[in-house]
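Below are the chains, spelled out letter by letter.
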Amino acid sequence: KGVKSLSDGYKNGMLLKLDEINVLGGVNGIIFQLNVMDDLYEPQRARDNVLEMIKDLNIDLLVAPLGTPTTKAYLDLIEQGKVLALFPIARSVEF
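The structure reproduced in this document is the subject of the present report. (Residues numbered from 1 in each chain as written. Predicted model: local features only at pLDDT ≥ 70, side-chain atom pairs only at ≥ 80, totals over all residues. Heavy atoms only, no water.)

Here we look at the overall build of the protein
And step 1. Within the protein one finds four helices and two strands.
And step 2. Across the protein, helices and strands are ordered from the amino to the carboxyl terminus as α-α-β-α-α-β.
And step 3. The principal-axis extent of the C-alpha atoms belonging to the protein is close to 40 × 30 × 25 Å.
And step 4. For the protein, buried positions account for 23% of its 95 residues.
And step 5. Sequence-distant contacts, at least 24 apart, represent 45% of the contacts inside the protein between residues at least 6 apart.
And step 6. Here the protein has roughly 6,800 Å² of accessible surface; of this, 56% comes from carbon and sulfur atoms.
And step 7. One way to put it: in the protein the 10 positive side-chain charges average out to a point 4 Å from where the 13 negative ones average out. (Helix = DSSP H or I, 4+ residues; strand = E, 2+ residues; numbered from the N terminus. Buried < 20%, exposed > 50% of the residue type's maximum accessible area, 1.4 Å probe, protein only. Contact = heavy atoms within 4.5 Å. Areas by Shrake-Rupley, 256 points an atom, 1.4 Å probe, with all protein chains shown as cover. Lys, Arg positive; Asp, Glu negative; His and termini not counted. Charge placed at Lys NZ, Arg CZ, Asp CG, Glu CD.)

Concerning the nonpolar core
And step 1. Core analysis: the largest hydrophobic core is formed by nine residues, namely Ala46, Val50, Met53, Ile59, Leu62, Tyr74, Leu77, Val83 and Ala85.
And step 2. Per-element tally for this core: the top contributor is helix 2 (residues 43–55), with three residues.
And step 3. Among all residues touching leucine 77, those that are not within four sequence positions of it are Arg47, Val50, Leu51, Ile54, Lys82 and Val83. (Core = buried A, V, L, I, M, F, W, Y, C linked by side-chain atoms within 4.5 Å.)

Structural notes on unusual backbone geometry
And step 1. Even without a glycine there, the phi angle at asparagine 58 is positive, about 55°.
And step 2. One can find asparagine 58 in the loop between helix 2 and strand 1 (61–63).
And step 3. Relative accessible area serves as the criterion here: at 64%, asparagine 58 is assigned to the exposed category.
And step 4. Even without a glycine there, the phi angle at phenylalanine 87 is positive, about 55°.
And step 5. Looking at the element boundaries, phenylalanine 87 is found in the segment after strand 2 (84–86).

Examining the pattern of salt bridges
And step 1. Tallied over the entire structure, the rule returns two salt bridges.
And step 2. Where lysine 17 meets glutamate 20, a salt bridge forms, and the shortest distance between an N and an O atom there is 2.7 Å. Here lysine 17 pairs with glutamate 20, and both are found in helix 1 (residues 2–23), just three residues apart, close to one helical turn.
And step 3. Residue classification places lysine 17 among the partly exposed residues on the basis of a relative accessible area of 43%.
And step 4. With a relative accessible area of 43%, glutamate 20 lands in the partly exposed category. (Salt bridge = Lys/Arg side-chain N within 4 Å of Asp/Glu carboxyl O.)

Some thoughts on a nonpolar patch on the surface
And step 1. On the surface, Leu61, Val63, Leu84, Leu86 and Phe87 cluster together to form a nonpolar patch covering roughly 440 Å² of accessible area.
And step 2. Counting only elements with at least two residues in the nonpolar patch, the list comes to strand 1 and strand 2.
And step 3. Judged by relative accessible area, valine 63 falls into the partly exposed class, the value being 37%. (Patch = residues over 30% accessible without salt bridge, like charges linked within 9 Å, V, L, I, M, F, W, Y side chains within 5 Å.)

Quick notes on the side chain of asparagine 49
And step 1. As for its position among the elements, asparagine 49 is in helix 2.
And step 2. Once residues lying within four places of it in the same chain are set aside, the contact partners of asparagine 49 are Met37, Asp38 and Asp39.

Remember, this is a structural readout, not a statement about activity or role.
Here it is in structure tokens:
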């Protein structure tokens, strides 16, 4: 419940703000879409989700990815510049 309630709050907040931005025509005409994939806080599933977003959805930006073990699972993709992660939520000192 703890992680889901936290992630739901972030998701709902982002949706509200994106709706507000998009109704005004987006940013320089760019309309934003929020894609959310549940990794169940499982590192391999997180990596698979990110690979799917990169390959199938042409997503190159992750906003507020949640969790140290899950983020570590695809850290190499971030380091290689295949995806950008903004505002990761992790409590570990590893990052």
